[in-house]
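This is what each chain is made of:
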Amino acid sequence: MTFTPHGKHLIAGKWVASAATFTSDPAHGPAHAFSVGTAELTAEACEAAEAAFESYGQTTRDQRAAFLDLIADEIEARAEAITEIGSQETGLPAARLQGERGRTTGQLRLFASHIRKGDYLDRRHDAALPDRQPAPRPDIRLMQRPIGPVAVFGASNFPLAFSTAGGDTASALAAGCPVVVKGHSAHPGTGEIVAEAVHAAIARAGVHPGVFSLIQGGNRAVGEALVTHPLIRAVGFTGSLAGGRALFNLCAARPDPIPFFGELGSVNPMFLLPEAVAARGAAIAQGWAGSLTLGAGQFCTNPGIAVVLEAQAAAFAQAAQAALAATGAQVMLTEGIAAAYVQGRDRIAAAPGVRELLTQVCDRRQATPQLFQVRGADWLGNHVLGEEVFGPLGLIVTATDAEEMVQIARSFEGQLTATLHLDAGDSALARRLMPVLERKAGRVLANGYPTGVEVCDAMVHGGPYPASTNFGATSVGTMAIRRFLRPVSYQNMPEDLLPEDLR
């Protein structure tokens, strides 16, 4: 099944063109023209979302769950076409896109199952105490309620799982909030075909068409118009620190500031403890190389830093270098991302005290693995070394002893993940590191690699700034739904006026 994009926006159930267009820049295959988003279309989509909220915000959990299941069904009905155009636009292999499609439909169905249970509503009831002295207590009930229209920004590195119908959209719809998506210009055709799937599910479910709109990119002003529109009540974003911080500032500067749930990047350090390195250092190095180069290193959970004791560094570095050298060039998502990767590599290479262990030439949109090493003292003296390089670049940081390893752990900014590689004899050092890493990261791993984020109830994909802009939230897992809810108390409310789930 071949899909040819028509290049239009989906605004409240209608496919709409705009005068200006931009052309996609696929890794292979044909380029296509797409309408450029405008502030006027953004306002139209936001107004339709507000109109839809009057009914969609009052739907039952079963109705919303059925809608999420229908979206998953419609995405699967377009499986081959999604894989074809997704691979053309991003250069990602078919197997990766098939897996990501399964993750996307899986989280839609997981959220449907989760809201059917109702536990996420956190319902509470303090019964009235009319005879209490010195004053009676009223009847008070509490429940989480949807906040209203949500803006979602598609991510460049996940054209399915973090884009048009990805985790932010799925969790907002599960909460009862209409969504306005600003599509990413790196994969506009993929965004369009997924929007067609959502559009078909809306028709089948009979919900208000304003519950979902897609505005294509091509213009930064669209993003600004979206986050500053007075009807938008929250924003979900996955992307760069610079872009996310700019949007975060706009949300905070509004006359009515709104929450900005931005996942902005991370270097995801691994701490290699001495007993584990002595027992299986080469295997850890090979696993690190595999995680570092997965998807050309274009994962927000890419483990870019490995911290190891200086006495064990040479053997570990040799094994990592050999594993990385065996990895060939990989296509990056866009030429812009590839250029930024080269700039990041050059920034690391030019830093004082950094030694090049493996450097290879990158050709335009291609990425090759790079490996560097630096002493702990030089790391601690140079904040630049802790900034994310988006791509398959690894930096080994050597610590003179356990005390310096703890100092290095304390020096990190907020992270999505932190990893301990340890054996039984490493427990004492691990216990020293754990209180530090718990404060630095949203997910702490033992003897694993952070690429691959399980979509489940217990997952946290977020962390202290700059990993994300809201340390109490996650963009993966069922707890993501809570971002788009707020608690409401009902005091002495007649039962027929209460939400159905509180009666």
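In case you missed it, the structure is sitting above this.
In this report, we go over the structure that sits alongside the text. The structure presented is a predicted model; accordingly, all values stated were derived computationally and were not measured. (Residues numbered from 1 in each chain as written. Predicted model: local features only at pLDDT ≥ 70, side-chain atom pairs only at ≥ 80, totals over all residues. Heavy atoms only, no water.)

1. So, the pattern of salt bridges
- Inspection of every chain in the model, using the stated rule, returns 18 salt bridges.
- Between Arg-109 and Asp-73 there is a salt bridge; the shortest N-O distance is 2.8 Å. Here Arg-109 is found in helix 4 (residues 94-117), whereas its partner Asp-73 is found in helix 2 (residues 61-77), with 36 residues between them in sequence.
- Residues Asp-378 and Arg-375 are paired through a salt bridge, measuring 3.8 Å at the closest nitrogen-oxygen approach.
- On the accessibility criterion, Asp-378 (26% relative accessible area) is partly exposed.
- Given the relative accessible area of 43%, Arg-375 is considered partly exposed.
- One connected set of salt bridges, linked through shared partners, spans Arg-61, Arg-123 and Asp-501. (Salt bridge = Lys/Arg side-chain N within 4 Å of Asp/Glu carboxyl O. Helix = DSSP H or I, 4+ residues; strand = E, 2+ residues; numbered from the N terminus. Buried < 20%, exposed > 50% of the residue type's maximum accessible area, 1.4 Å probe, protein only.)

2. Quick look at the packing of aromatic side chains
- Tallied over the entire structure, the rule returns 11 aromatic pairs.
- Through a chain of ring-to-ring contacts, the aromatic side chains of Phe-153, Phe-237, Phe-248 and Phe-260 assemble into a single cluster.
- Cation over ring: Arg-483 sits above Phe-261, and NZ or CZ is 5.8 Å from the ring centre. (Phe/Tyr/Trp six-rings, centres within 6.5 Å; stacked < 30°, edge-to-face > 60°. Lys NZ or Arg CZ within 6 Å of the ring centre and 35° of its normal.)

3. Some thoughts on the pairing of strand 6 (residues 140-146)
- Burial analysis of strand 6 places 6 of its 7 residues in the buried class, the great majority of the element.
- Bridging between strand 5 (residues 124-126) and strand 6 involves 3 bridges; their strand directions are antiparallel. Its bridge partner lying in strand 6, Arg-124 is registered against Leu-142. (Pairing = 2+ DSSP bridges.)

4. Description of the nonpolar core
- Residues Phe-271 and Leu-433 are the most contacted members of the largest nonpolar core, which totals 96 residues.
- Ignoring sequence-local partners within four residues, the contact set of Leu-433 consists of Phe-271, Leu-273, Met-405, Val-406, Ala-409 and Leu-420.
- Listed in part, the 21 residues of the second largest apolar core include Ala-276, Val-277, Trp-288 and Leu-357. (Core = buried A, V, L, I, M, F, W, Y, C linked by side-chain atoms within 4.5 Å. Contact = heavy atoms within 4.5 Å.)

5. With respect to the side chain of Glu-100
- Relative to the helices and strands, Glu-100 is located in helix 4.
- Since its relative accessible area comes to 3%, Glu-100 is described here as buried.
- Those residues in contact with Glu-100, other than ones at most four positions away along the chain, are Phe-158, Pro-159, Leu-160 and Ala-161.

6. A look at the side chain of Gln-216
- Turning to its location among the elements, Gln-216 is positioned in the loop between strand 9 (212-215) and helix 7 (220-228).
- Gln-216 sits in the buried class, given a relative accessible area of 1%.
- Among all residues touching Gln-216, those that are not within four sequence positions of it are Lys-8, His-9, Phe-22, Phe-34, Ser-35, Gly-37, Gly-183, Pro-188 and Glu-192.

7. Brief notes about the pairing of strand 19 (residues 415-421)
- In terms of burial, strand 19 is largely enclosed, as 7 of its 7 residues are buried.
- Relative to strand 19, strand 12 (residues 270-272) is paired through 3 bridges, and the arrangement is parallel. Looking at strand 19, one finds that Met-270 is bridged to Thr-419.
- Across 5 bridges, the pairing between strand 19 and strand 20 (residues 441-446) is parallel. Across the sheet, the residue bridging to Gln-415 is Ala-441, located in strand 20.
- This β-α-β element, strand 19 to helix 14 (residues 427-440) to strand 20, shows right-handed connectivity. (Right-handed = clockwise from strand over helix to strand, strands pointing away.)

8. Here we look at the sheet that holds strand 20
- The 7 strands are arranged 15-17-18-13-12-19-20 in an open sheet whose pairing can be described as mixed. The outermost strands of the open sheet, each flanked by one partner alone, are strand 15 (355-358) and strand 20. The mean inter-strand angle of the sheet, taken between neighbouring strand axes irrespective of direction, is 20°.
- In the sheet, strand 17 (residues 370-375) pairs with strand 18 (residues 393-399) via 6 bridges, with the strands oriented parallel. Of the residues in strand 18, the one forming a bridge with Arg-375 is Thr-398.
- Of the strands in this sheet, strand 12, strand 13 (305-309), strand 17, strand 18 and strand 19 are in contact with helix 9 (residues 274-293), which crosses strand 18 at around 160°.
- Sheet contacts for helix 11 (residues 335-349): strand 15, strand 17 and strand 18; angle to strand 17, the most-contacted strand, approximately 30°. (Axes fitted to C-alpha atoms, helices over the stretch in contact; angles between N-to-C directions.)

9. Here's the deal with the environment of Val-235
- With respect to the secondary-structure elements, Val-235 resides in strand 10 (residues 234-238).
- Looking at Val-235, the relative accessible area reads 0%, which means it is buried.
- Residues Val-235 and Val-397, 162 residues apart in the sequence, show an inter-C-alpha distance of 36 Å.

10. Some thoughts on the sheet that holds strand 5
- On the basis of which strands lie adjacent, the open sheet formed by 3 strands has the order 5-6-21 and antiparallel pairing. Each of the sheet's edge strands pairs with one partner strand only, and the pair in question is strand 5 and strand 21 (485-491). Averaged over all pairs of adjacent strands, the angle between strand axes in this sheet comes to 25°, irrespective of strand direction.

11. Thoughts on the environment of Val-222
- Mapped onto the fold, Val-222 is located in helix 7.
- For the pair Val-222 and Gln-491, spaced 269 residues apart in sequence, the C-alpha separation works out to 41 Å.
- Beyond its immediate chain neighbours, meaning those up to four positions away, Val-222 contacts Gly-37, Thr-38, Thr-42, Lys-182 and Ile-215.

12. With respect to the state of the cysteines
- Scanning the entire structure with this criterion turns up 0 disulfides.
- Note on Cys-177: no disulfide assigned, nearest cysteine sulfur contributed by Cys-46 at a separation of 13 Å.
- For Cys-177, a relative accessible area of 0% puts it in the buried group.
- Residue Cys-300 stays outside any disulfide, its sulfur separated by 15 Å from that of Cys-456, the closest cysteine. (Disulfide = S-S within 2.5 Å.)

13. A look at helix 7
- Looking at helix 7, one finds that the buried residues are Val-222, Gly-223, Ala-225, Leu-226 and Val-227.
- Buried residues along helix 7 sit against helix 1 (39-56), strand 7 (150-153), strand 8 (179-182), strand 9, strand 10 and helix 8 (241-253).

14. Quick notes on unusual backbone geometry
- Cis geometry marks the peptide bond from Gln-133 to Pro-134; its omega dihedral reads 10°.
- Along the chain, Pro-134 turns up in the loop between strand 5 and strand 6.
- Residue Tyr-465 is joined to Pro-466 through a cis peptide bond whose omega torsion reads 10°.
- Within the secondary structure, Pro-466 is located in the loop between strand 20 and strand 21.
- Even without being glycine, Asn-268 reaches a positive phi, approximately 50°.
- Within the secondary structure, Asn-268 sits in the loop between strand 11 (260-263) and strand 12.
- Here Asn-268 falls in the buried class, since its relative accessible area comes to 0%.
- Even without a glycine there, the phi angle at Asn-492 is positive, about 50°.
- By the element assignment, Asn-492 lies in the segment after strand 21.

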